[in-house]
Structures are given as C-alpha cells and as structure tokens.
Amino acid sequence: MAEPLLALHHISKSFPGVKALDDIDFSIDKGEVVGLLGENGAGKSTLMKIISGVYAPDAGEMYWQGQKVRLKSIMDAKEKGIAIIFQELNNCPNLSALENLFLGHELRTAGNLVDFRAMKKKATEIFSYLDAHIPLGAPAGKLSVALQQMIEIGKALLAEAKLIIMDEPTSSLTDREVQKLFQIVKELKSRGIAVIFISHKLEEVFHITDRIVVLRDGRHVGELTTSEATQEELVALMVGREMQTFYSKRAKQPSPEIVLKIEDMSGPPYLNHVSFDLRRGEILGLAGLIGAGRTELALLLIGAEQKTAGTVYLQGKKVDIRSPWQAIANGIAYLSEDRKTKSLILQMPVRANITMAIHKAVSGALGTLDRKKELEVTNHFVKLLEIKTSGPEQIVNNLSGGNQQKVVLAKWLATKPSILILDEPTRGIDVHAKAEVHKIITDLADSGTSIILISSELPEIVALSDRVVVMHEGQVKSILDKHEISQENIMSRVFSA
Amino acid sequence: MTAQEHRSILGRFFSYRESAIFLALVILMATVTLFAPNFMSGSNLYLVSRQISFVAVVAFGELFVILTGGIDLSVGSIMGLSGVVAAGAMAGGQPIVLSVILGLATGLLLGFINGLLISYVRIAPFIVTLGMLSFARGVILIVTKGWPITNIPKPFLTVGQGDFLALPIPLWVMIVLAAIAHFVLSRTAFGRRTYAIGGNEQATFLSGIDVKKIKVVLYMISGFMASVVGIILIARFNSAQADTGTGWELDAIAAAVIGGTSLSGGSGSIVGVIIGAAIMGVIRNGLVLMRVSPYWQTAVIGIIIVLAAVLDRIKNK
C-alpha cells in the first residue's frame, strides 16, 4: 500500500488559446474518496478526461498501481479499471436497462448469441447489491435520472473498476436519491474502490469525501483533509479571494399587494388543485423533490401546456393564458430549467438570443429588425449583468455556463416582466456566477419584480425566499412564511403525510 | 475589433460561409471551359442561366423549409399542378393574370395543407409531403388524363421564352425573388425566427414565438416558389405537361445541400442556394457539351451531393 492507486505528476494540457491544465500533481489511494472542486473552467473536466483516457496530456506522467502508463483511449482506461460517469448520462434511451448495462460486453451463449438469461442473473445480482430496483426490461430513457445513474455505476462494477470518476452525479438527483448515492459510494469505498467526486455542492463534498483537491485556472491551488476543512476556506481557494457572504441580502420587504393568484389549478401530467398567491417584489420559493410538479406548474402558468382546471388572476383580473406569447404580453417570463435545450439558440450570437422574446420592440417598419436597437438592448444587459463576452456578436455556445445563463436572464429581463419564474437558475454554473445570479435575483425583487424561484438546492431556496411553497407529487403540501423557512421544515413538509 | 477591420480582402472573402462553394463554382466553370470552349458562348450561358433560375427558385422555397429542420418533397408535384391549373384556365379562355393568380393560389393552398398537417396534426414533414407528392401528381393525371394542355396564349409565352436587357426573363424572376427572400431571411423578425426554429425549436417556442404558425407560412412559401416555376415552365414549353416537375424535389434539395444548407436546420442562405443550383446546372450543361452520356449526369449529380455533405462535415470539424 505504499504506492497510490493512481498518481499524476506535472500534468499539463493546452488547447488552442488556453492552458487548461498547468503542472498538476494528483493522487488517489485505494478505497479513498477524493472531492475535486473548482469553478467552471478551472480544469476539472480536462483533468478527468486525461485520467479516463479521453485526452492525452501534453506533458507529465501518469502512474497506475505504480506502473507508468499512457492511456490511449477511454477503452484503454476502462480495461485498466478506470470508469467515468459523465454528468450527461450516455445511454441508449430506447434500449432496455439490461441491454444498456451490458452494452458492448454482452454475455454470449455457446452459439454466440446474446445470453439474456445469464445477463439477467448477473444484472439482478449487481442491482440488488446497489439496492436499486430497476425494471430490467424498461427502456433506459424512461427511467429516472437516479436509476439511469445506477445503471452507469452497475457498468463500472461489471467492468471491475478500481477507480470510478463521478462528474457532478447529484446535479439532477433529489435529496433522497443523493443519500442513496452516498450509501453506495461508502459501499464502494469499503470494497477498496477509489472514487473521484466532482460537485459544485460543498455540503455534499464535505459529507462524502476524505480529501478535497481544489483547482483554479488550471492549477492545483490547494488540498485539504475534509475533516479539517471549512466551507469559507474552500470557497476562498476556489474563487481566489474571500467571499464575504454567500447570499446577498434583501434591501426591501415585499409589498402586501397580490399580483398573481392561482386557484385550484390542475393539469398534465399530475398537477392537482394547486393554489397560492404571489406578492409584488416577493421571492416565492417553490420547493420539492424532482417530479413534484414545479416545472410542470410553470409550463401551465405560461400556457406552454394547457391547464384542465383552475383560475389565474393577474392584479386581481382573471386571465386565460394559453400560449407563451400571451404570457409575455401579460408580463410573465419563464426562465426554463435547461438553458441548452430549452432556452438558447446555441449557434446564434448573444445579440440574437437576448432579443429573441422582444422582436416587436426592436423592429422597424415591415417587420425588419433594427440592428441599432438590438445592439442597444444587448449592450445594456451585457453591462448590467456583467456578461463576459468578446462582444454582442459572440456565438453563445462559446460562452461559459454562467455567462450563458446570464444571456437567458437578459432575454427575459428585456421583456420587462412583472412576474419572473426562474427554474433552476443556478444549475451547473460555478460558485462565483451563482453569487452573481443571486444578487441579480434579489435586486430584481427589491425593484418590485415578483419572482417565483424553483430550485432543487435547498440552501438557495432558504436563503433567497420570502415565502416557500412546498410541493409534492403535484400538490401543494404547505406554504411557509419567512420565519418558518429552514431546510428541515421544508423536508419535513415534503415527507409529511 | 481592430483585427477584424485590418483583415485582408481575401480574409474577408473567406469569412463568408458561401466563399468555398463559390470558389468551387469558379473552378468548375474554368474546367468545363477548358474541355468545352463553347461553354462560355453567349447563347450557351443564356440557356444555362435560364435552367439554373428554375431550379434555384424551387430551391429557395425548399431552403425556407429546410432551415427549420423540415423538408418538402412535394415541390415537383406542386409545380406540375400549378402549371396545369394556370394552363387550364388560360386554355379555357380566362384572362392571363387571373390564370396566373389561380396557379399561384394552388401552390399556396397545397403548401398550406402541408403546413397544417405538419404543425397542427404533428405528422413528420417527410410523410406529409411525400403524400402530397403523390396526391398532387395523381390530381394532375386525373385532370389531364396524361395529355398536355396546349393553347397557351401567345403573349404569355414571353415569360418563359423572352428576355429583358439581354437576360432571360426567368433569370430576372429569380433575381427578384432571391432579393426578396434574402431580405426576409436576413433582415426581418420572420427570418430570424425561421433560423431560430431550426436552431432550437423548443427554446423558440418558450421565447413566445408561434412556431406552428411560422411553419405553416414556410410551407406556403415553398409551395408558392414551386408554383412560380411551374407557371413559367408552361410559357417556356408552350404547354402544361402531366410530368412537369417530376423529380424536381431532388434537384431543389440538392441545390440547397450543395449550397451549404444544413438538413438538420438552422443554417443556410439564399446566396448559397443560388451557387448550389449553378453548380448543378453547370455540371449538367458541361457534361452535355462534352458529349457525355445523359445517363451519367444523374450519377454525377449524386456524387456531387454526397461530396458537398462530406466537405461540409469536414469543414465543421
């Protein structure tokens, strides 16, 4: 046990124009769980891609169980016992869970046909070990993200991996599923399997890891034993300066005036008699597990899906919103939970994305778009939200996650909404950008915009919300006032009968 | 910013997507001239440009649809039926203007039906327009029983056979439609939305844009462009033939693809489509001038289409 399972020395890697990794040392022992932290663009993914054989380093050495190795491909790494579970799960959605588990490694009968019986037996063994109840015949795409992840972990076990890299495994899991994942990580650890755990969520990293490595701008900036580290210390290492407060404070109290009232709203797929109201300048948190119906509620509100029952009042007046354009006309904006697939036209420039919802306002006669007006709006928001872009014509796909999210925010702020629905506004963006988005949200509320905040990060909901609507399985379980808001209260309401 | 301003003319030229295929067209024309010097003769260029104009105009309509990730397989049949309607009206003694309007209305109506089924009944564009391809062609055969419609009034023939300022009238029609289509795509909100749908339909919808309505209009544009060509062709041939337009959907799609249009939507341009149509026209004409068997033409066009897609893939890597 003198030598580590994996050791990297002086690893460097450049891409055109960027030094992604600069002289990195990294090691992990058998049965150790190491957390890897850093803002977006710090070099975490590049490092993981080098360890898993996707990229070859420009310089430096890699030792696997004491032997110097050069990984040629992800297959090569897999053979050695290194498995990676990507944040965006790679499975074939139409193949069954069983077929996905054995994809590329199907067991064969004597006649060289796929041996489903043997595979089923093995799969049952693995999944019962993982304590995951996965219907083997169900198409993988129909399973929850958590179960799909279990298939990936199953794959790693099947390949007898000695090192498993998990890239933000909890980003789309509910709290309960996260707990389950942690159980499994502990189990893997007891089996002597090493785990590299990448996450933006500090609490999780504290909870599960033995040691934490922090990267910043492609350099190794710190390494701490988890039991001795503090949150402030880590954040300071990640952002390179002390952050005063995590969450910005509200300057004003919300007014008692009710701007939106929802009564007994029902709709697909399972929303059931939802009622609540929203006040001017209020941040109303919508808390609940994934699948509680929060996004679905937002889609009904903006008319992207049609409600089957219920009434909506805006400023006391009954409205019937049946389409997103009617929602915008009524001053309601919805920032969707997935910026890449539901918010941005990735190959279009920042300018076109920001003005997407306000074509009328930036049009001249004949429906022609007025470039000058477009640039005015774009430049205003680039400055206001501190969007880091080479200019208004930069293709959005080339921006970092945080800046992409700011572009989406700009698109919706440009519609001058009185009600802004934010669905996971800080998902997948780094700590620094997160703090900026939080500041934007509180500033908006202070200036009188009413905000519905949907977030799976409870600390975010707790810190920002004036009131919290707790939802579960399509129903409102409880509405908490400011003084009642805490993570414990929210979770106990979710699980109360 | 300064780097951009100081870029050489050559650098600026290559910053356009269409530059590479334009260069390919120039090289192609030079090669054809080398082997068949009469390619560059005035009378040949007149004929080639007229032929290119027909394909290009149909391809403009196809471009609008492909930009959203759709496809219109029915353009050939719409051409044919629009021509039959217009020719039938003229032969039946209706005024020319009314006949033309009826022909154009046919294209718009069939496009409208395509769009409705695709947007609101949510059937795949491939299936809907494949059905329309067969249906419209069937109607042509029912109406004409396979016989050509003749008796086209003399004054109307100028539209297909005459010229203006030494250029064929179909070329002028193409130039005018190209200018309008280019303006719509690059300068209007409608054009921006068309590209946006191809880039990310879901995001476009959630941005408050009535994606369904726009798609219906796009299929109407495609039908309209096809009917324009169908109507000019009756003037060109002095009759409406039952098989006019057969196979033109392939030429139109090919012109768009060779011109750099992505079949998955979101990118492509009118200028590219014109160059694409020109490349096909020059190859066809060049092969004829070089006395290559006409059977080869079809095979060569096939190779060019795939080659264009391969080059596009390499360029985007």
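Chemist: Mind showing me how you'd approach the overall build of chain B here?
Modeler: Helix and strand counts for chain B stand at 15 helices and two strands. Its C-alpha radius of gyration of 20 Å places chain B within 12% of the 20 Å reference for a compact globule of 317 residues. Projected onto its principal axes, the C-alpha coordinates of chain B cover approximately 65 × 55 × 35 Å. Taken over 317 residues, chain B has a buried fraction of 47%. Summarising the internal contacts of chain B: among those between residues at least 6 apart in sequence, 78% fall at separations of at least 24.

Chemist: Looking at this structure, how should I read the domain arrangement of chain A?
Modeler: It is common to report an interface's size as the accessible area lost on association of the parts. All names here are of chain A. Structurally, chain A comprises domain 1 (6-239) and domain 2 (282-305 + 323-495). Here the C-alpha centre of domain 2 lies 31 Å away from the C-alpha centre of domain 1. Contacts between the two partners involve 11 residues from domain 1 and, on the opposite side, 12 residues from domain 2. Counting residues per element, the side of domain 1 that touches domain 2 draws most heavily on helix 8 (residues 231-239), at three residues. Grouping the amino acids of the side of domain 1 that touches domain 2 by side-chain chemistry returns three nonpolar, six polar and two charged.

Chemist: Can you walk me through the confidence of the model for chain B in this structure?
Modeler: Atomic detail in the predicted coordinates should be set aside for any region of low pLDDT. Residues and elements named next belong to chain B. In this model, chain B carries a mean pLDDT of 91, and residues with pLDDT of at least 70 account for 94%. Here residues 1-5 is modelled with pLDDT under 50, and outside its nearest four sequence neighbours on either side it reaches zero contacts, counting other chains as well. This prediction of the complex comes with two scores: 0.78 for pTM and 0.86 for ipTM.

Chemist: I tried to follow the pairing of strand 8 (residues 194-198) of chain A on my own but got confused; where do I start?
Modeler: On a regular strand, one side chain projects to one face of the sheet and the next to the other, so that they alternate. All names here are of chain A. Of all five residues in strand 8, five are buried, a share of seventy percent or more. Of the two faces of strand 8, the one holding A194, I196 and I198 and the one holding V195 and F197 are both buried throughout. As defined by bridge partners, strand 3 (residues 33-37) adjoins strand 8 across four bridges and the pair is classed as parallel. Looking at the pairing, L36 lines up with I198 of strand 8. Pairing analysis gives five bridges linking strand 7 (residues 163-167) to strand 8, with the strands arranged parallel. Within strand 8, the residue paired with M166 across the bridge is F197.

Conventions we followed
- Residues numbered from 1 in each chain as written.
- Chains lettered and ligands numbered in written order.
- Predicted model: local features only at pLDDT ≥ 70, side-chain atom pairs only at ≥ 80, totals over all residues.
- Helix = DSSP H or I, 4+ residues; strand = E, 2+ residues; numbered from the N terminus.
- Rg over C-alpha atoms; globule rule 2.2 N^0.38 Å.
- Buried ≥ 20, exposed ≤ 12 C-beta atoms within 10 Å, placed from the backbone.
- Contact = placed C-beta atoms within 7 Å.
- Domains from an automatic or database assignment.
- Nonpolar A, V, L, I, M, F, W, Y, C, P; charged D, E, K, R; others polar.
- pLDDT = per-residue confidence, 0-100.
- Pairing = 2+ DSSP bridges.

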